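A closer look at the structure
So you can see what is in the structure, the chains are spelled out below.
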Amino acid sequence: MAIKHDYAEAHYNLGITLQGQREYGEAIAAYRKALTIDPDHADAHRELGMALQTIGRLEDALICYQRALQLKPDDGPVRTLYLPMLAHICDWDTLGAFAAEIPQMGVVGEAVTPFSLLSFEDHPERQRLRAERYGLNYGGDAAPAEIGRPPAKPGRLRIGYFSPDFRRHATM
């Protein structure tokens, strides 16, 4: 069997793998190759935008997100990447155009990451629904762990504190 050099999905998947390894330059090249083959690959535009955003090329990332939304207007995950970018660059007019849609994002339709809309909406019930839907879609159907009571009342409690910055913090 011959290698198919014009298979966009393979270049897209290579980009995802490279991005996962933090090889952003190579990932960007792989996404661009995928988009050369299939310019309407919405997911490749999204992932290219994420890679570009990671390396600080915000204007280019914004263009990628816009193109992904043109191709898939109802794509919730792309919207949750696009909206913070609009806020970051203070594009309040474009952001305002999404204001009516924000309450339904992740509550209806495709699940979105639970933290993505915290800064855009202060509605605990919808935030809970977003988290539950995201957990069901991406966390599987595992039941919560049952926490049992100890057979006897414990003696003195021993509490430990964990911090990611023990070595760089004054209270070490």
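Now for a description of the structure that goes with this document. All of these numbers come straight from a predicted model, not from anything done at the bench.

The subject of this paragraph is a nonpolar patch on the surface. Residues Leu157, Ile159 and Tyr161 make up a contiguous nonpolar surface patch of roughly 440 Å² in combined accessible area. Mapped onto the fold, Leu157 is located in the segment after α7 (124–138). Relative accessible area serves as the criterion here: at 67%, Leu157 is assigned to the exposed category.

With that settled, the discussion passes to the layout of surface pockets. Any empty space left between the atoms is revealed when a probe the size of a water molecule rolls over them. If you add up the space inside the largest pocket, you get close to 240 Å³. If you trace the largest pocket, you find 13 residues lining it, with Pro77, Thr80, Leu81, Thr113 and Tyr134 closest to the centre. In the lining of the largest pocket, the residues fall into seven nonpolar, three polar and three charged.

We now examine the pattern of salt bridges. One pass over the full model with this rule turns up eleven salt bridges. A salt bridge links Asp43 to Arg46; its shortest N-O distance comes to 3.1 Å. Residue Asp43 and its partner Arg46 are both found in helix α3 (residues 42–54); the two are separated by three residues, about one turn of the helix. For Asp43, a relative accessible area of 22% corresponds to the partly exposed category. A cluster of three or more residues bridged by salt bridges with shared partners is formed by Asp43, Arg46, Glu47, Lys72 and Asp75.

It is worth spelling out the side chain of His11 at this point. Looking at the secondary structure, you find His11 in helix α1 (residues 8–20). In this view, His11 contacts His5, Ala30, Lys33, Ala34 and Ile37; residues no more than four positions away in its chain are not counted.

To continue, consider the packing of α3 against helix α4 (residues 58–71). Following both chains from N to C, one finds α3 and α4 inclined at 160°, their axes separated by 8 Å at the closest point. Classified by the angle between their axes, α3 and α4 sit roughly antiparallel to one another. The two elements α3 and α4 cross, and the hand of that crossing is left-handed. When α3 is examined against α4, the residues Ala42, His45, Arg46, Leu48, Gly49, Met50, Leu52 and Gln53 are found in contact with a partner set consisting of Leu58, Asp60, Ala61, Cys64, Tyr65, Arg67, Ala68 and Leu71. Grouping the amino acids of the contact of α3 with α4 by side-chain chemistry returns ten nonpolar, three polar and three charged.

What follows deals with the packing of α4 against helix α5 (residues 76–88). Packed helices, taken two at a time, are described by their axes: the angle between them and the distance between them. Closest axis-to-axis distance for the α4/α5 pair is 10 Å, and the angle between their directions is 140°. Comparing the axis directions of α4 and α5 gives the class oblique. Between α4 and α5 lies a crossing of left-handed hand. Between α4 and α5, the residues in contact are Leu58, Ala61, Leu62, Tyr65, Gln66, Ala68 and Leu69 and Val78, Arg79, Leu81, Tyr82, Met85, Leu86 and His88, respectively.

Rules and cut-offs
- Residues numbered from 1 in each chain as written.
- Predicted model: local features only at pLDDT ≥ 70, side-chain atom pairs only at ≥ 80, totals over all residues.
- Heavy atoms only, no water.
- Patch = residues over 30% accessible without salt bridge, like charges linked within 9 Å, V, L, I, M, F, W, Y side chains within 5 Å.
- Areas by Shrake-Rupley, 256 points an atom, 1.4 Å probe, with all protein chains shown as cover.
- Salt bridge = Lys/Arg side-chain N within 4 Å of Asp/Glu carboxyl O.
- Helix = DSSP H or I, 4+ residues; strand = E, 2+ residues; numbered from the N terminus.
- Buried < 20%, exposed > 50% of the residue type's maximum accessible area, 1.4 Å probe, protein only.
- 1 Å grid on protein atoms, 1.4 Å probe; cavity = no way out; pocket = protein on both sides within 12 Å on 5 of 7 lines; lining within 4 Å.
- Points joined across faces, edges and corners; volume = space filled by probe spheres on them.
- Nonpolar A, V, L, I, M, F, W, Y, C, P; charged D, E, K, R; others polar.
- Contact = heavy atoms within 4.5 Å.
- Axes fitted to C-alpha atoms, helices over the stretch in contact; angles between N-to-C directions.
- Parallel < 35°, antiparallel > 145°, perpendicular 65-115°, else oblique.
- Left-handed = near helix turned anticlockwise from the far one by under 90°.

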